[in-house]
Every structure is written in structure tokens, then in C-alpha cells.
Amino acid sequence: MAASSRARVLDLYRAMLRESKQFSAYNYRTYAIRKIRDAFRENKNMKDPVEIQALVNKAKRDLEMIRRQVHIGQLYSTDKLIIENQEKPKT
């Protein structure tokens, strides 16, 4: 994969994770982050430029879908789950 293509894919990956962290619902947020990480790990050794481009196009469509869903989710607020209110352990 060319350096510019690799950088573009990494930017897309980061954008998808960043947008997914905006989900107000804990379950949607964790599910989206897990699915994005799994999908990118599964395809990290892809060599065929045509397949890479197809996956990039799909990821761009998915990013737009995530943005729409985050926006819709913010219109309808819900109470936080118990798991979200717990104090994070110090590392």
C-alpha cells in the first residue's frame, strides 16, 4: 500500500473511532468501536488496490452513517447506565 493510501486509511480509521466515541448510548458506542477495530484488523494485510479502494469507499459510507446516527442519538437523551457512572481505575 502506498504511503499516501496508508495515511488516508489511518485518517479514516481515526475519524471513525472519533465519531463513534460521540454516541451517547454506551452500548452503541462500545459496539461501534469494537466493530471498527475488528474490521480494520481483519483487512490490514490487504494488498489488492481495487479491493482496498472498495473497502475505503465502504468505510466512508459507514462514517457518514455513524455521523447521522450520532446526531439522531443526541436528539433523544437517555440516562447513563450504571457501568458508565463508575469511576475509571487509575493506571
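Residues numbered from 1 in each chain as written. Predicted model: local features only at pLDDT ≥ 70, side-chain atom pairs only at ≥ 80, totals over all residues. Heavy atoms only, no water.

**A short note on the overall build of the protein chain**
So the rule is basically this: Strands here are runs of E lasting at least two residues and helices are runs of H or I lasting at least four, both read from the DSSP assignment and numbered beginning at the N terminus. A radius of gyration in this sense is built from C-alpha atoms; the matching globule rule multiplies 2.2 Å by the number of residues raised to 0.38. Residue burial is assigned from relative accessible area. The probe radius is 1.4 Å, only protein chains are included, and a residue is buried under 20% of its type maximum, exposed over 50%, and partly exposed in between. In these tables, accessible area is a Shrake-Rupley quantity obtained with a 1.4 Å probe, and a residue counts as shielded only by the protein chains included in the view.
A tally of regular secondary structure across the protein chain gives four helices and zero strands. Taking 12 Å as the expected radius of gyration for a compact globule of 91 residues, we find that the protein chain reaches 16 Å, considerably beyond that expectation. Its C-alpha atoms put the protein chain at 45 × 35 × 20 Å along the principal axes. Counting only residues that meet the buried cut, the protein chain has 21% of its 91 residues in that class. Summing over all exposed atoms, the protein chain offers an accessible surface of approximately 7,500 Å²; the carbon and sulfur share of this is 53%.

**Structural notes on the pattern of salt bridges**
How we decide: Only one rule defines a salt bridge in this text: a Lys or Arg side-chain nitrogen within 4 Å of an Asp or Glu carboxyl oxygen.
The final tally for this structure, using the stated rule, is four salt bridges. Between E19 and R67 there is a salt bridge whose closest N-O contact spans 3.8 Å. Placement of E19 in helix 1 (residues 3-20) and of R67 in helix 3 (residues 49-75) is noted, with a sequence separation of 48 residues between them. Note on R67: relative accessible area 35%, which makes it partly exposed. Across the salt bridge formed by K58 and D62, the nearest N and O atoms sit 2.9 Å from each other. Of the two residues, K58 and D62 are both situated in helix 3; the distance of four residues between them amounts to about one turn of the helix. Taking relative accessible area as the criterion, D62 reaches 22% and is therefore assigned partly exposed.

**Observations concerning the packing of aromatic side chains**
Just so we agree on the cut-off: Stacked, edge-to-face and tilted are the three classes for Phe, Tyr and Trp ring pairs, Trp counted by its six-membered ring, which pair at centre distances within 6.5 Å; planes under 30 degrees apart are stacked, over 60 edge-to-face, the rest tilted.
Inspection of every chain in the model, using the stated rule, returns two aromatic pairs. Taking 6.2 Å as the distance between ring centres and 45 degrees as the angle between the ring planes, the aromatic pair formed by F23 and Y28 counts as tilted.

**Remarks on the UniProt feature "domain: Complex 1 LYR protein" (unreviewed entry) in the protein chain**
How we decide: UniProt positions are given in the numbering used here, feature names are shortened, and annotations may be inferred rather than shown by experiment.
The UniProt entry lists residues 8-65 under the feature "domain: Complex 1 LYR protein" (unreviewed entry), expressed in the numbering used here. The distance from the first to the last C-alpha atom of residues 8-65 is 19 Å, and the span holds 81% helix and 0% strand.

**Topic: a positive patch on the surface**
The test is simple: Patch membership needs two things, relative accessible area over 30% and no salt bridge, and members are linked within 9 Å if like-charged or within 5 Å if nonpolar (Val, Leu, Ile, Met, Phe, Trp, Tyr). Here Asp and Glu are counted as negative and Lys and Arg as positive; His is not counted, and neither are the chain ends. Just so you know, the charge point we use is NZ for Lys, CZ for Arg, CG for Asp and CD for Glu.
Taken together, K21, R37, R41 and K44 make up a surface patch of like positive charges. Assessed through its relative accessible area of 48%, K21 is described here as partly exposed.

**Remarks on helix 2 (residues 26-42)**
Condition: Multiply 1.5 Å by the residue count of a helix minus one, and that product is the helix's expected span. When we speak of the arc, we mean the arc of directions from the helix axis to the C-beta atoms.
Between its first and last C-alpha atoms helix 2 spans 24 Å; for 17 residues at 1.5 Å apiece the expected length is 24 Å, and the two agree. For helix 2, every residue scored as buried is listed here: R29, A32, I33 and I36. Take helix 2 and look down its axis: the buried residues cluster within an arc of 95 degrees, on one side only. Exposed and oriented more than 90 degrees from the buried face of helix 2 are N27, R41 and E42.

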